[in-house]
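A closer look at the structure
The lines below spell out each chain.
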Amino acid sequence: KAGVTQTPRYLIKTRGQQVTLSCSPISGHRSVSWYQQTPGQGLQFLFEYFSETQRNKGNFPGRFSGRQFSNSRSEMNVSTLELGDSALYLCASGTDFNYGYTFGSGTRLTVV
Amino acid sequence: QQQVKQSPQSLIVQKGGISIINCAYENTAFDYFPWYQQFPGKGPALLIAIRPDVSEKKEGRFTISFNKSAKQFSLHIMDSQPGDSATYFCAGNAGGTSYGKLTFGQGTILTVHP
């Protein structure tokens, strides 16, 4: 059974640019969550999508957005990148109304 | 924001020793408490989890102890091995429509010396 796949694994962007990250969940999983991991702030919840609808949202500015497609694949977008957006972005997928989400290996974003 | 406080930040243990990591939570709506293990370059992997209706759960060398009245829970790693060296995160989850929203502790870097 394939795990959660995130692409790309590494990205380098310039301040002011925008970036799109992709996440393919485990087959059958309809919920996808996104997290930002930094040394200073740890693992912080960005948002969760379930059946193409945003179900939960964390405390991040509107520059961070996401969407989910009918096949449950999800993308997150960060516009007007800032140096502080440099982080490991993780997605996790889960089944309907169940615990135990599975994480991908993440996308390492570096903003220069 | 509802927090989960985790301690210590780092822990060094000799091979064969016991590693203990503690967490305290604020949100009484949490009803699922997982521990995740993360190796460098990898995403967190679910290690063990507990619901608040039990006080202890054991899986192999890993045990969660849970104290609902104190709003605290801890991870015990018995017979710690060098391969256990990783970062450990506790978390809380409120279930319901928040299944996909985990609130994490700050993490503990565990080093097990051979």
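Above this note sits the structure.
Below is a short write-up of the structure. Quick caveat: nothing in here was measured; it's all calculated off a predicted structure.

**Some points on the pattern of salt bridges**
Two side chains of opposite charge can pair, provided their charged atoms sit close to one another. Residue and element names in this part refer to chain A. Across all of its chains, the model carries eight salt bridges over all chains by this definition. Put simply, Asp85 and Arg63 hold a salt bridge, and the shortest N to O gap is 2.8 Å. Residue Asp85 is located in the loop between β8 (74–78) and β9 (87–94), and its partner Arg63 is located in the loop between β6 (53–57) and β7 (64–68); the two are separated by 22 residues in the primary sequence. For the residue pair Asp85 and Arg63, the accessibility class agrees, reading buried in each case.

**What to know about the sheet that holds strand β6 (residues 56–59) of chain B**
All names here are of chain B. Strand order in the open sheet formed by five strands is β1-β3-β8-β7-β6, with antiparallel pairing between adjacent strands. Two strands in the sheet have a free side with no partner beyond their single neighbour: β1 (4–7) and β6. Averaged over all adjacent pairs, the angle separating strand axes in this sheet is 15°, with direction ignored. Relative to strand β7 (residues 62–67), β6 runs antiparallel, the two being bridged by four bridges. Each bridged residue has a counterpart across the sheet, and for Lys58 the counterpart in β7 is Thr63.

Conventions we followed
Residues numbered from 1 in each chain as written. Chains lettered and ligands numbered in written order. Predicted model: local features only at pLDDT ≥ 70, side-chain atom pairs only at ≥ 80, totals over all residues. Heavy atoms only, no water. Salt bridge = Lys/Arg side-chain N within 4 Å of Asp/Glu carboxyl O. Helix = DSSP H or I, 4+ residues; strand = E, 2+ residues; numbered from the N terminus. Buried < 20%, exposed > 50% of the residue type's maximum accessible area, 1.4 Å probe, protein only. Pairing = 2+ DSSP bridges. Axes fitted to C-alpha atoms, helices over the stretch in contact; angles between N-to-C directions.

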